[in-house]
Amino acid sequence: SAFRDCTSLTSVIIPNSVTSIADSAFNNCDSLTSITIPDSVTSIGHCTFRLCKSLTSISLPSKLESIAFGAFWGCEGLTDVVLPESVTFLSGYTFRNCKSLKTITIPAGVEKVQNNTFTGCTALTDIYYSGTLEQWYNISSFEHENVTVHCAGIDHTHEFTEWTFVEEPTCD
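Since the structure is predicted, the reported quantities are computational estimates derived from the model, not experimental observations.

J.: Is there a simple way to think about the overall build of the protein in this case?
T.: Counting its secondary structure elements, the protein contains one helix and twelve strands. Written out in order from the N terminus, the α and β elements of the protein read β-β-β-β-β-β-β-β-β-β-α-β-β. Counting only contacts in the protein whose residues sit at least 6 apart along the sequence, the fraction spanning at least 24 positions is 25%. Of the accessible surface of the protein, which amounts to about 7,900 Å², a share of 48% is contributed by carbon and sulfur atoms.

J.: What is the right way to look at the packing of aromatic side chains in this model?
T.: Two descriptors summarise a pair of aromatic rings, namely the distance from one centre to the other and the angle between the planes of the rings. Per the counting criterion, the structure on display carries nine aromatic pairs. Relative to Tyr93, the ring of Trp73 has its centre 5.3 Å away and its plane inclined at 20°; by these criteria the two rings are stacked. With Trp73 in the loop between strand E5 (66–67) and strand E6 (80–82) and Tyr93 in the loop between strand E7 (89–90) and strand E8 (103–106), this residue pair connects regions lying 20 residues apart in the sequence. Here Trp73 matches Tyr93 in class, with each residue buried. Members of the aromatic cluster, connected to one another through ring pairs, are Phe3, Phe26, Phe49, Phe72, Phe95 and Phe118. The ring of Trp73 is capped by Arg50, whose NZ or CZ atom sits 5.1 Å from the centre of that ring.

J.: Looking at this structure, I do not really get the environment of Leu90. What am I missing?
T.: If you trace the backbone, Leu90 turns up in strand E7. Among the residues examined, Leu90 registers a relative accessible area of 0% and is labelled buried. As a C-alpha pair, Leu90 and Phe69 span 21 residues in sequence and 7.8 Å in three-dimensional space. Leaving out residues up to four positions away in the same chain, Leu90 has contacts with Ile67, Leu83, Phe95, Ile106, Val110, Lys112, Val113, Gln114, Thr117 and Phe118.

J.: Sorry if this is basic, but what is going on with the nonpolar core here?
T.: The nonpolar side chains of a soluble globular protein tend to be buried with one another. Core analysis: the biggest nonpolar cluster contains 45 residues, and Phe26, Phe49, Phe72, Phe95, Ile106 and Phe118 have the highest contact counts within it. At the level of secondary structure, the elements contributing two or more residues to this core comprise E8, strand E10 (126–129), helix H1 (133–139) and strand E11 (145–151).

J.: Just checking my understanding: could you explain the environment of Asp30 for this structure?
T.: Here Asp30 shows up in the loop between strand E2 (20–21) and strand E3 (34–36). Judged by its relative accessible area of 31%, Asp30 is partly exposed. With 23 residues separating them along the chain, Asp30 and Thr7 place their C-alpha atoms 5.4 Å apart. Excluding anything up to four places from it in sequence, Asp30 contacts Thr7, Leu51, Cys52, Lys53 and Ser54.

J.: Any chance you could explain the pattern of salt bridges here in plain terms?
T.: Pairing between side chains of opposite charge can happen when their charged atoms approach one another. In the structure shown here, the tally under the stated rule is one salt bridge. Among the salt bridges present, the one from Arg4 reaches Asp5, with a minimum N-O distance of 3.9 Å.

J.: Would you mind going over unusual backbone geometry with me for this structure?
T.: Excluding glycine, residues mostly carry a negative phi; peptide bonds, for their part, are mostly trans. Positive phi is not limited to glycine here, since Tyr93 has a value of about 60°. Here Tyr93 falls in the buried class, since its relative accessible area comes to 3%.

What counts, and at which threshold
Residues numbered from 1 in each chain as written. Predicted model: local features only at pLDDT ≥ 70, side-chain atom pairs only at ≥ 80, totals over all residues. Heavy atoms only, no water. Helix = DSSP H or I, 4+ residues; strand = E, 2+ residues; numbered from the N terminus. Contact = heavy atoms within 4.5 Å. Areas by Shrake-Rupley, 256 points an atom, 1.4 Å probe, with all protein chains shown as cover. Phe/Tyr/Trp six-rings, centres within 6.5 Å; stacked < 30°, edge-to-face > 60°. Buried < 20%, exposed > 50% of the residue type's maximum accessible area, 1.4 Å probe, protein only. Lys NZ or Arg CZ within 6 Å of the ring centre and 35° of its normal. Core = buried A, V, L, I, M, F, W, Y, C linked by side-chain atoms within 4.5 Å. Salt bridge = Lys/Arg side-chain N within 4 Å of Asp/Glu carboxyl O.

This is the structure we're talking about:
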């Protein structure tokens, strides 16, 4: 949590020598608007960018493999996210309360999307998944009202009316 609660921090350039970003490293840096993450980074820790409310976009590195739970929790300014092909798992609460998130692109190599990954993403309308609808149902128990999942060759609108909640974890 090297920069945790640095509320005046506005931008960060992570050096190429970094391979992972630690848990809560930028937690509650609510003025952070931009971050440059090099391709050397393969993992983003637990609650790393939690409550970075001013972060409007993020370019994820092409070699990124894991994004820990709550990594972007409360990044209210994010509007769209493209996950690199190397990501294989979306942890719970990864994008919780990203209230402006409208679209996310998920590669077919993702093996699991936990059902609470997008809890509180009230603007989410489209998920672009590069696999098939059958693959999507095998990896996801995602429940969100009126979200269209665009799969290879087909679009499917989810019409769930209730969320499935689990005991809420903390980032402390």
